[in-house]
Every structure is written in structure tokens, then in C-alpha cells.
Amino acid sequence: MKKIIALAVTSLLMVSSTFALGLSIGAKGNLGTTVSNDWAEVGTDLKGLSMNSEFDGGFGAYVNVGIIGGLGVQVEADVTKSTIQFKGASTQEAIDSNNWETKNFDSWLVDVPVMLWGSLDFWKFNLGFGVGPNFSFNLDATDRASFEAAGNYLSKVYTDKLYTLGLALGVDGKFYITDNFAIVASGRYIGNFEKTTATYPIEGGEGIDYPWIEFKRNSLYGGVGVELKLF
């Protein structure tokens, strides 16, 4: 995965140095959350179950290649830490909510959106917006079948795919302190095209077990960073 990202960025830099009218690079920090989920099915022996997914934060970098006028291409790589929270109880104890247990697990994702980018200039301000495919890589993914991890009591999230294809929508507001240096405020939407199957092994009370779950990601997050315009 790292080689793919590095190759994509290197290719963009080579093309931009020859053909592009502009080239900028930036870095940012991100905060956000999952705004909604399409929970398809839960494979469990529990009578009661609830689940939340929150994106606590992360960081990223991007390359923006201006092609003609205000149009260009922006490629990003954003590392995001997601916290998955389960609350549930075994069938025998689910009637009494006081017996429900809560467990939190961390998942690390790398989003690589490739967006067609448009921008408008207003004095020292620049407003940019983009749309394109997003490749979401789960750093906890495994080649094993998802059921194999169910009884191992591991504090990780395993999915059945190395990456998931989705849609990325972006908007950036930039204030140029100098001609080449800007402060950037950004907003991003990430939505997967297909459901992902994941296992969430839990080390807890007797009878607590969540072998797998299918979900569809819809995430919204914002960021603050800096940008350097090379030319």
C-alpha cells in the first residue's frame, strides 16, 4: 500500500513539473465522526447489541496539481484513528440493562482520495472544492477469513478486504499569508460504495462474543493545516 501511494505521488510530481500551471503541497490535522451507518447484519448470539463508530482524529498530506485555470487534481493520504464501541450482553442477561458491558476498540484507516479539483480566488482567499473516488485502506486488515479471529480475544478490528472503494467530497478554504504560504481549513465526506464485513473479537464476560458485523461507512470530518505553493 505504501508503495502504491508513493508511486502515485511521485507520478503526479513528475507530470506537474512538465505540464501543470501550478503545484501545491499541504499537511493538516483532522477531526470528525461517522454521521450515519447502514448496519446490514450482525452475526452474534446476543439478544441485545448496540454499536457506535467515531472517528477521533488523524493527520494527512496532499498534493494539488493545477492543470488549467481553476481546475486541477488533488490527491491526499489521510491517516485516521476510529474508535468502535460495542455494548451488549449474553442472551441470559440481556433483559437487565445493568448487565450490559461496553467495550472500545481502535481501528486505523488510511484514506486516499483522488479528486477533480476546482478553485476560486478572492484577493488573499481561495475556495476549493473537489469530488472523486476514495480508496480506504484498513491497517488492521488480514488475509484470513473473518471468522478465524473471533475467539482470539484480540483488541483489533479485522476486515475481509484490504481496501474499500468509496466517494470523496471535499471543500477547502485558504488564506494566503504570503504569495506562497497559506493556512487551510478543510471539510471532507467519505462514503463507501459497498458494505464491509469485519470481526470485533472481545475479551470480556462469559457469553460476550461478536463474531462479525457488516457496515457501510459514511464519515464527515474537518481539518486545519498549512499549504506551500511551489509554483
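Look up a bit, the structure's there.
Summarised in this report is the structure supplied together with it. Since the structure is predicted, the reported quantities are computational estimates derived from the model, not experimental observations. (Residues numbered from 1 in each chain as written. Predicted model: local features only at pLDDT ≥ 70, side-chain atom pairs only at ≥ 80, totals over all residues. Heavy atoms only, no water.)

1. Considering the nonpolar core
Nonpolar side chains in soluble globular proteins generally cluster together in the buried interior.
Argument step 1. By size, the foremost hydrophobic cluster in this structure holds five residues: Met115, Trp117, Ala168, Ile190 and Tyr221.
Argument step 2. When near neighbours in sequence (up to four residues on either side) are disregarded, isoleucine 190 contacts Asp111, Asn134, Leu167, Ala168, Arg217, Asn218, Ser219 and Tyr221. (Core = buried A, V, L, I, M, F, W, Y, C linked by side-chain atoms within 4.5 Å. Buried < 20%, exposed > 50% of the residue type's maximum accessible area, 1.4 Å probe, protein only. Contact = heavy atoms within 4.5 Å.)

2. A word on the pattern of salt bridges
Argument step 1. Inspection of the entire model under this criterion finds four salt bridges.
Argument step 2. Between glutamate 76 and lysine 28 there is a salt bridge; the shortest N-O distance is 3.2 Å. Taken together, the positions of glutamate 76 in strand β4 (residues 71-89) and lysine 28 in strand β1 (residues 22-34) put the pair 48 residues apart, joining distant regions of the chain.
Argument step 3. Residues aspartate 172 and arginine 188 are paired through a salt bridge, measuring 2.9 Å at the closest nitrogen-oxygen approach. Taken together, the residues aspartate 172 in strand β8 (residues 163-176) and arginine 188 in strand β9 (residues 181-192) connect sequence positions 16 residues apart. (Salt bridge = Lys/Arg side-chain N within 4 Å of Asp/Glu carboxyl O. Helix = DSSP H or I, 4+ residues; strand = E, 2+ residues; numbered from the N terminus.)

3. Examining the environment of lysine 124
Argument step 1. Topologically, lysine 124 is positioned in the loop between β5 (101-122) and β6 (125-138).
Argument step 2. For lysine 124, a relative accessible area of 29% puts it in the partly exposed group.
Argument step 3. Sequence separation between lysine 124 and tyrosine 176 is 52 residues; the distance between their C-alpha atoms is 5.2 Å.
Argument step 4. Residues in contact with lysine 124, not counting those within four places in the same chain, are Lys174, Phe175, Tyr176 and Ile177.

4. Some remarks on the environment of isoleucine 25
Argument step 1. Relative to the elements of secondary structure, isoleucine 25 occurs in strand β1.
Argument step 2. Isoleucine 25 gets classed as partly exposed once you look at its relative accessible area, which sits at 32%.
Argument step 3. Spatially, the C-alpha atom of isoleucine 25 lies 5.7 Å from that of glutamate 227, the residues being 202 residues apart in sequence.
Argument step 4. With residues near it in sequence (within four places) discarded, isoleucine 25 still touches Tyr62, Val63, Val226, Glu227, Leu228 and Leu230.

5. Comments concerning the pairing of strand β12 (residues 218-229)
Argument step 1. As paired strands, β1 and β12 are joined by eleven bridges and run antiparallel to one another. Paired with threonine 34 across the strands is serine 219, a residue of β12.
Argument step 2. Note that β9 and β12 share eleven bridges and pair antiparallel. In the sheet register, glycine 191 faces β12, and the bridge partner there is asparagine 218. (Pairing = 2+ DSSP bridges.)

6. Section: unusual backbone geometry
Note: most residues except glycine have negative phi, and most peptide bonds are trans.
Argument step 1. With a phi close to 55 degrees, tryptophan 123 is a non-glycine residue in the positive phi region.
Argument step 2. On the secondary structure map, tryptophan 123 appears in the loop between β5 and β6.

7. With respect to the packing of aromatic side chains
Argument step 1. Taken as a whole, this structure holds one aromatic pair when the rule is applied.
Argument step 2. Relative to phenylalanine 175, the ring of phenylalanine 125 lies with its centre 5.0 Å away and its plane at 50 degrees, an arrangement referred to as tilted. Of this pair, phenylalanine 125 sits in strand β6 while phenylalanine 175 sits in strand β8, placing them 50 residues apart in sequence.
Argument step 3. When its relative accessible area of 32% is taken as the criterion, phenylalanine 175 is described as partly exposed.
Argument step 4. If you follow lysine 124 out to its NZ or CZ, it ends over the ring of tryptophan 123, 5.7 Å from the centre.
Argument step 5. A cation over an aromatic ring shows up here: lysine 229 above the ring of tyrosine 176, its NZ or CZ 4.8 Å from the ring centre. (Phe/Tyr/Trp six-rings, centres within 6.5 Å; stacked < 30°, edge-to-face > 60°. Lys NZ or Arg CZ within 6 Å of the ring centre and 35° of its normal.)

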